[in-house]
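Architecture at a glance
Residue strings, one per chain:
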Amino acid sequence: MAAWGGLGRVVLWLLVGVVLCVGSFPGRAGAWGADGHHATCLLAEPLLEPATWKAVRSLLPEYANGSLASLCTWPDDIKWMWKYHWTAPLHYIDTPDFLCRYNYDRDCYDENGHKGYCASGAINNFTSQLTNYHLRESNPPLVTRALETEYNLTEALLFLSHIVGDIHQPLHVGFTSDAGGNTIMVHWYRRKANLHHVWDTEIIDKAKDLYYNKSLLTMVNAIMENITNDGVSKAQMWSECPNGEIACPDTYATEGISLACQYAYRNATPGSTLADEYFLSRLPIVESRLAQGGVRLAAILNRLFGANSTSL
Ligand SMILES: [Zn+2]
């Protein structure tokens, strides 16, 4: 029994080792933290038309209880799994260092050179997959089954909702050599952190603590009030695409790298200390990018599934 117990322990540790190895598959950290993604999706939800909600609910798994926000971090949870390793580059875009410009043809590749494997390519791809939703609704079961084999529209919805959030985090469209700020170590007040993490998580956390009673929901409500009070025309402007497309990720990415250069990278060299001055001047950018992400996600889903979507 003792020997078996020992072997059992060895097997257990081997299993732990395998899990750790799988978990540490070389990738890069970074996505809005869970709060950033929840905020984007919570901001989008009240802006969905009834027909859009119906479609979204029909695609969500039952355990989501009709909450899109509850599954908006799913693509981060699964990107470490073998089956989904290919999705890791879909969360960001690397652009040439210090150029502060984005170009789809030049920048949208994964590290193996596959074109379209970046955040903007993914938004286009999952949007286009979701245009099959109405076909699925209106076709006989055999065609429906064929479409379901080709595309998993539930996954497409979750990826789209997540990546529209990511592309609005300015450092998700960052420089190549520092992996969107992941390799730039700074001091965030008294703690060490990498610059990417400051933008994914720390600024939101600090704002929640200081202004919103530690509550993300309170923060989201304040951002929403801002959009609806003085931003009706602004929200309308954000939601439109220049050529009437369903989604226009190239626009979002171009804004992202520009904000990364103007705000995220500025005065944030390796070893620098980022404190009140940085926090107070960057928080409005973070809040407006969360707002834009939410407004645009809702607009994309309304164009896909809303009352005017059947003409697609
Ligand atoms: Zn992500």
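It should be emphasised that the depicted structure is a prediction, and the values quoted were computed from it without experimental measurement.

**Examining the overall build of the protein chain**
- Secondary structure assignment for the protein chain yields 14 helices and five strands.
- In the protein chain, 75% of the contacts between residues at least 6 apart in sequence involve partners at least 24 apart.

**A closer look at the pairing of strand E4 (residues 191–194)**
- For strand E3 (residues 185–188) and E4, the ladder comprises four bridges, and the chain directions are antiparallel. Residue pairing across strands places Trp 188 opposite Arg 191, the latter belonging to E4.
- Joining the antiparallel neighbours E3 and E4 is a turn of two residues, in which Tyr 189 adopts a positive phi near 55 degrees.

**Here we look at the sheet that holds E3**
- Spatially, three strands are ordered E4-E3-E5 in an open sheet, and the strand pairing comes out mixed. Both outer strands of the open sheet, E4 and strand E5 (273–274), are each paired with one neighbouring strand and no more.
- Here E3 runs beside E5; their pairing, made up of two bridges, is parallel. Each residue of the ladder has a partner; that of Trp 188, found in E5, is Leu 274.
- Packing of helix H10 (residues 195–211) onto the sheet brings it into contact with E3, E4 and E5, and relative to E4 it is tilted by some 95 degrees.

**So, the environment of Gly 36**
- With respect to the helices, strands and loops of the structure, Gly 36 is situated in helix H2 (residues 34–44).
- Considering only alpha carbons, one finds Gly 36 and Cys 72, 36 residues apart in sequence, at a separation of 9.6 Å.
- The contacts of Gly 36, once residues within four sequence positions are left out, are Gly 165, Gln 169, Asp 200, Ile 204 and Leu 290.

**A few points about helix H3 (residues 50–59)**
- Along H3, the positions that sit buried rather than exposed are Thr 52, Ala 55 and Val 56. Seen along its axis, H3 keeps its buried residues to an arc of 100 degrees; they face one direction.

**Comments concerning the nonpolar core**
- Formed by 66 residues in total, the largest nonpolar core has its most connected members in Ala 119, Ile 123, Leu 160 and Ile 163.
- Here this core takes eleven residues from helix H14 (residues 276–305), the largest share from any one element.
- Dropping the residues within four chain positions of it, Ala 119 is found in contact with Leu 90, His 91, Tyr 92, Ile 93, Ile 163, Asp 166, Ile 167, His 172, Pro 249 and Ala 253.

**Observations regarding helix H13 (residues 249–264)**
- Within the span of H13, buried status applies to Pro 249, Tyr 252, Ala 253, Gly 256, Ile 257, Leu 259, Ala 260 and Ala 264. On an axial view of H13, the arc spanned by its buried residues comes to 165 degrees, and they lie on one face.

**Regarding the environment of Cys 108**
- When you line up the elements, Cys 108 lands in the loop between helix H5 (104–107) and helix H6 (119–130).
- Since 25 C-beta atoms lie within 10 Å of it, Cys 108 is described here as buried.
- Separated by eleven residues in the primary sequence, Cys 108 and Ala 119 place their C-alpha atoms 7.8 Å from one another.
- Excluding its chain neighbours within four sequence positions, the residues that come into contact with Cys 108 are Ile 93, Lys 115, Gly 116, Cys 118, Ser 120 and Gly 121.

**Some remarks on unusual backbone geometry**
- The backbone of Asn 65 sits at a positive phi, close to 50 degrees, despite the residue not being glycine.
- For Asn 65, the position within the fold is in the loop between H3 and helix H4 (74–78).
- In the Ramachandran plot, Tyr 189 falls in the positive-phi region, its phi being about 55 degrees despite a non-glycine side chain.

**Quick word on the packing of H6 against H13**
- Orientation of H6 relative to H13, taken along the N-to-C sense of each, is 160 degrees, at an axis distance of 9 Å. In terms of orientation, H6 lies roughly antiparallel with respect to H13. H13 is crossed by H6, and the crossing has right-handed handedness. In this structure, H6 contributes Ala 119, Ser 120, Ile 123 and Asn 124 to the contact, and H13 contributes Pro 249, Asp 250 and Ala 253.
- Class assignment of the residues belonging to the contact of H6 with H13 gives a composition of four nonpolar, two polar and one charged.

Rules behind the numbers
- What you see as residue numbers is a count from 1 along each chain, following the sequence as written.
- Selection of residues for local features in this predicted model requires a pLDDT of at least 70, selection of side-chain atom pairs for listing and counting requires 80 or more, and totals for whole chains, interfaces and linings are taken over all residues.
- Each helix is a run of H or I in the DSSP string that is no shorter than four residues. Each strand is a run of E no shorter than two, and both are numbered from the N terminus.
- Each residue is represented by a C-beta atom placed from its backbone, and any two residues with such atoms within 7 Å are regarded as in contact.
- Note on pairing: DSSP must find at least two bridges between two strands before they are called paired.
- Angles shown run from 0 to 180 degrees and are taken between the N-to-C directions of axes, each axis being a line fitted to C-alpha atoms and, for helices, limited to the stretch in contact.
- Exposed residues have 12 or fewer other C-beta atoms within 10 Å of their own C-beta, buried residues have 20 or more, and partly exposed residues fall in between, where C-beta atoms are placed from the backbone.
- What the arc describes is the spread of directions from the helix axis to the C-beta atoms.
- Note on definitions: a nonpolar core is a set of buried residues drawn from Ala, Val, Leu, Ile, Met, Phe, Trp, Tyr and Cys, linked by C-beta atoms within 7 Å.
- Reported orientations rely on four angle classes, namely roughly parallel under 35 degrees, roughly antiparallel over 145, roughly perpendicular from 65 to 115, and oblique for the rest.
- Crossing handedness follows the turn of the near helix against the far one: under a right angle anticlockwise gives a left-handed crossing, and clockwise gives a right-handed one.
- All amino acids are sorted into three groups, where Ala, Val, Leu, Ile, Met, Phe, Trp, Tyr, Cys and Pro are nonpolar, Asp, Glu, Lys and Arg are charged, and the leftover types, Gly among them, are polar.

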